[in-house]
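# Structural characterization, general
Each chain, written out:
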Amino acid sequence: VQLQASGGGLVQAGGSLRLSCAASGGTFSNYAMGWFRQAPGKERELVAAITRSGGPTQYATSVKGRFTISRDNAKNTVYLQMNSLKPEDTAVYYCAAERSRWPLVTRAIDYWGKGTLVTVSS
C-alpha cells in the first residue's frame, strides 16, 4: 500500500488546514487509517485515527474538538481537518494504514506515507 499525503503548509495561529492522504496498491477499506505527527526533537505521536468503516475514531487529547478525521472509501482517501491551529501543532504529519490493530499505536503500523509539513506561526 502506498500513501501520499498532501495539504501541509504555513498558516497563522487560529487558522485551518485540511490534510489529505490518497492510498493506492491495496484495498483501502481493509485498513484503519491514522494521522501521526512528529515535531523536531520529539517522538512521533498519534493525532487521530479512524476505523475501516469510518465509524469509531480516536484523537489525541491535545487536538480533541479542533481536529476531525474522516475517510472516503470510494476515493481511497483519508482527511484531517485541522481548525484553531496552534504553534504547538507545528510538525511533520504522517498518514498511516493498519490492517489488524485498533486503536492505532505508533509502534505497530503496517504502512507509512511520507510526511507533509505543517507550520503554525504565532
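Structure's up top.
Remember, predicted model here, so these are calculated numbers, not experimental data. Note on numbering: residues in each chain are counted from 1, in written sequence order. Since the coordinates come from a predicted model, pLDDT governs what is reported: local features require at least 70, and pairs of side-chain atoms require 80 or more to be given and counted, while whole-chain, interface and lining totals use all residues. Each side-chain value is worked out from all heavy atoms of the structure, with water and hydrogens disregarded.

We now examine the nonpolar core. Counting residues in hydrophobic clusters, the biggest one holds 30 residues, and the most contacted among them are Met 33, Trp 35, Val 78, Leu 80, Met 82 and Tyr 93. The secondary structure listing takes helices from DSSP runs of H or I that are at least 4 residues long and strands from runs of E that are at least 2 residues long, numbered from the N terminus. Only β1 (2-6), β3 (17-24), β4 (32-38), β5 (45-50), β7 (67-72), β8 (77-82), β9 (91-98) and β11 (116-121) provide two or more residues apiece to this core. Here, two residues are considered to be in contact whenever any of their heavy atoms come within 4.5 Å of each other. When sequence neighbours within four positions are dropped, the list of residues in contact with Met 82 reads Gly 15, Ser 16, Leu 17, Leu 19, Arg 66, Phe 67, Tyr 93 and Val 118. Nonpolar cores are built from buried Ala, Val, Leu, Ile, Met, Phe, Trp, Tyr and Cys residues. Side-chain atoms within 4.5 Å join them into one set. The rule is simple: take the accessible area with a 1.4 Å probe, protein chains only, and divide by the maximum for that residue type; under 20% is buried, over 50% is exposed, in between is partly exposed. Ranked by size, the runner-up nonpolar core spans 7 residues in total, among them Phe 36, Leu 46, Ala 49 and Leu 104.

To continue, consider the state of the cysteines. Cysteine sulfur atoms that pair up within 2.5 Å are treated as a disulfide. Within the structure shown, the criterion is met by 1 disulfide. Each disulfide pairs two cysteine sulfurs, and for Cys 21 the partner residue is Cys 95, the sulfurs being separated by 2.1 Å. The sign of the S-S torsion, about -85 degrees, decides the handedness of the disulfide formed by Cys 21 and Cys 95: left-handed. Residue Cys 21 is found in strand β3, and its partner Cys 95 is found in strand β9; the two are separated by 74 residues along the sequence. Neither residue differs from the other here; Cys 21 and Cys 95 are each classed as buried.

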